[in-house]
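Coordinates in review
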Amino acid sequence: MAATATLLARVRVMREGTFYHETKTFDRRPAATAWIKKREKELAKSGALEELNVSDPPPSKAIERYTEETAKDIGRTKAQVLRTIAT
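A brief report on the enclosed structure follows. Residue indices follow the written sequence of each chain, beginning from 1 at its first position. Only residues with pLDDT of at least 70 are given local features in this predicted model, and only at 80 or more are side-chain atom pairs given and counted; all residues enter the totals for whole chains, interfaces and linings. For the side-chain quantities, the full set of heavy atoms in the structure was used; hydrogens and water were omitted.

1. A short note on the overall build of the protein chain
Under the scheme used here, helices are H or I runs from DSSP no shorter than 4 residues and strands are E runs no shorter than 2 residues, and both carry numbers assigned from the N terminus. Scanning the protein chain for helices and strands turns up 4 helices and 2 strands. Written out in order from the N terminus, the α and β elements of the protein chain read β-β-α-α-α-α. All radius of gyration figures rest on C-alpha atoms, and the globule criterion is 2.2 Å times the number of residues raised to 0.38. For the protein chain, whose C-alpha radius of gyration is 20 Å, the value lies well above the compact-globule estimate of 12 Å for 87 residues. Projected onto its principal axes, the C-alpha positions of the protein chain cover 50 × 50 × 20 Å. Relative accessibility thresholds used throughout: buried, under 20% of the residue-type maximum; exposed, over 50%; partly exposed, between the two (1.4 Å probe, protein chains only). Relative to its 87 residues, the protein chain shows a buried fraction of 17%. Contacts between residues were defined by any pair of non-hydrogen atoms, one from each residue, lying within 4.5 Å. Within the protein chain, contacts between residues separated by at least 24 positions form 33% of all contacts whose residues are at least 6 apart in sequence. Shrake-Rupley sampling with a 1.4 Å probe provides the accessible areas, and residues are treated as covered by the protein chains on show and by no other component. Just so you have it, the protein chain exposes about 7,500 Å², and 53% of that area is on carbon and sulfur atoms. Positive charges are assigned to Lys and Arg, negative charges to Asp and Glu, while His and the chain termini are left out of the count. To locate a charge, take NZ of a lysine, CZ of an arginine, CG of an aspartate or CD of a glutamate. Of the charged side chains in the protein chain, 17 are positive and 12 negative, and the gap between their average positions amounts to 6 Å.

Spelled out as structure tokens, the structure:
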């Protein structure tokens, strides 16, 4: 039984002091090459790097959004834990 080698494709872009990198694993070299070309083309668009480097919201905002958008009812204990984490 032969082991299959995996390829790690890496895209690194630096423009006007903004740095971004991304990696992905592939089984075949043509797929990795195609992905690299596609991502470089997408990242070359105006504003693409700035959009990716936007900071994440604070945990309290993420918890608030979760509690508002969840389809199921949240139990008392879970609600209490989420309130404690948010504060």
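From this point, the narrative continues.
2. Overview of the side chain of glutamate 22
With respect to the secondary-structure elements, glutamate 22 resides in strand β2 (residues 18–26). For this analysis, a polar contact is any N or O atom pair within 3.5 Å, provided that within protein one partner can donate a hydrogen and the other can accept it, and provided that sequence-adjacent residues contribute only side-chain to side-chain pairs. A polar contact is formed between the side chain of glutamate 22 and the side chain of arginine 39, at a distance of 2.8 Å. The contact partners of glutamate 22, leaving out residues within four places of it in the chain, are Ala9, Arg10, Val11, Trp35 and Arg39.

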